[in-house]
Every structure is written in C-alpha cells, then in structure tokens.
Amino acid sequence: KESSAQKIMGPLVGIYKLRLADAHLPSSETEEALALTGIDQKAPYVTQGYQLLYVCVSSLFTIYEVIAHWEREKIEKNR
C-alpha cells in the first residue's frame, strides 16, 4: 500500500526525474518518472503540460496543508 508521503512526494520526484531526463536518463527511467507524476501520456502535449503543473502545485499545496495541520496541533497542545 502506498503511504501518504509517497502519494504526496511521488509526483515531485517524478518531475525532478523528468528534469534530469532532459540530458541524463535513459528512456526507461523517463517512463518511470512519467508514471510517478500520474499524467496521461496519451494526451496532447499541452494537456500533459497542464497536468504536470497541476500535480506539482497540488503536491506543494498538500505539503503546506500537512505543515499547517501540524502547527495547529502544536498550538492546541500548548494551550
């Protein structure tokens, strides 16, 4: 079963691997990176670009929400 951290960070890891793929990774690793992002590889490139941006922003926002939740819990414990 995929952990919460893997769900949140997987797309960001995939995006980073795609950045490296430009000059360094073989095509099999590029396919793995694309799979981590969850984008539809059969969609038009502009749609894939949108999906990539969306998954990146969604992951970053989820990280923000987790941190904010921890901070709220910390404040509640100290009351």
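Residues numbered from 1 in each chain as written. Predicted model: local features only at pLDDT ≥ 70, side-chain atom pairs only at ≥ 80, totals over all residues. Heavy atoms only, no water.

### Section: the overall build of the protein chain
The following threshold applies: Helix and strand definitions follow DSSP, with helices as H or I runs of at least four residues and strands as E runs of at least two, each counted in order from the N terminus. In this treatment the radius of gyration is a C-alpha quantity, and the globule benchmark scales as 2.2 Å times the residue count to the 0.38 power. Residue burial is assigned from relative accessible area. The probe radius is 1.4 Å, only protein chains are included, and a residue is buried under 20% of its type maximum, exposed over 50%, and partly exposed in between. Here a residue-residue contact requires only that any non-hydrogen atoms of the pair lie within 4.5 Å. Reported accessibility uses the Shrake-Rupley method at a 1.4 Å probe radius. Residues are deemed covered only where the shown protein chains occlude them. Positive charges are assigned to Lys and Arg, negative charges to Asp and Glu, while His and the chain termini are left out of the count. By convention, charge coordinates are those of NZ in Lys, CZ in Arg, CG in Asp, or CD in Glu.
A count of helices and strands for the protein chain gives three helices and zero strands. Across the protein chain, helices and strands are ordered from the amino to the carboxyl terminus as α-α-α. For 79 residues, the compact-globule estimate of 2.2 N^0.38 gives 12 Å, and the C-alpha radius of gyration of the protein chain, at 16 Å, exceeds that figure by more than 25%. Taking the principal axes of the C-alpha coordinates as reference, the protein chain spans close to 55 × 25 × 25 Å. The proportion of buried residues among the 79 residues of the protein chain is 20%. The contacts of the protein chain with a sequence gap of at least 6 include a subset with a gap of at least 24, amounting to 41%. Accessible surface, the protein chain: about 6300 Å² in total, of which carbon and sulfur atoms supply 60%. With 9 positive and 10 negative side-chain charges, the protein chain shows a spacing of 8 Å between the two charge centroids.

### Some words on the packing of aromatic side chains
The line we're drawing: Aromatic rings from Phe, Tyr and Trp, taking only the six-membered ring of Trp, are treated as a pair when their centres fall within 6.5 Å; an angle between ring planes under 30 degrees marks them as stacked, one over 60 as edge-to-face, and anything in between as tilted.
One pass over the full model with this rule turns up two aromatic pairs. Consider the rings of Phe 61 and Tyr 64, whose centres lie 5.8 Å apart with planes at 35 degrees: the pair is tilted. Of this pair, Phe 61 and Tyr 64 both sit in helix α3 (residues 45-77), three residues apart, roughly one helical turn. On the basis of relative accessibility, which here comes to 52%, the residue Tyr 64 falls in the exposed class.

### Describing the pattern of salt bridges
A side chain of one charge can pair with a side chain of the opposite charge when the charged atoms of the two come close. Cut-off, in case you're wondering: The term salt bridge refers to a pairing of a side-chain nitrogen on Lys or Arg with a carboxyl oxygen on Asp or Glu at a separation within 4 Å.
By the definition in use, this model includes one salt bridge. Note that Glu 32 and Lys 17 form a salt bridge whose closest N and O atoms lie 3.0 Å from each other. Taken as a pair, Glu 32 in helix α2 (residues 27-37) and Lys 17 in helix α1 (residues 4-21) lie far apart in primary sequence, 15 residues in all. Under the relative-accessibility criterion, Glu 32 is labelled partly exposed at 41%.

### Focus: the environment of Ile 8
On the secondary structure map, Ile 8 appears in helix α1. You can call Ile 8 buried: its relative accessible area is 17%. Along the chain, Ile 8 and Ser 59 lie 51 residues apart, while their C-alpha atoms are 5.4 Å from each other. Residues contacting Ile 8, with those up to four places away along its chain left out, are Ser 59, Thr 62, Ile 63 and Val 66.

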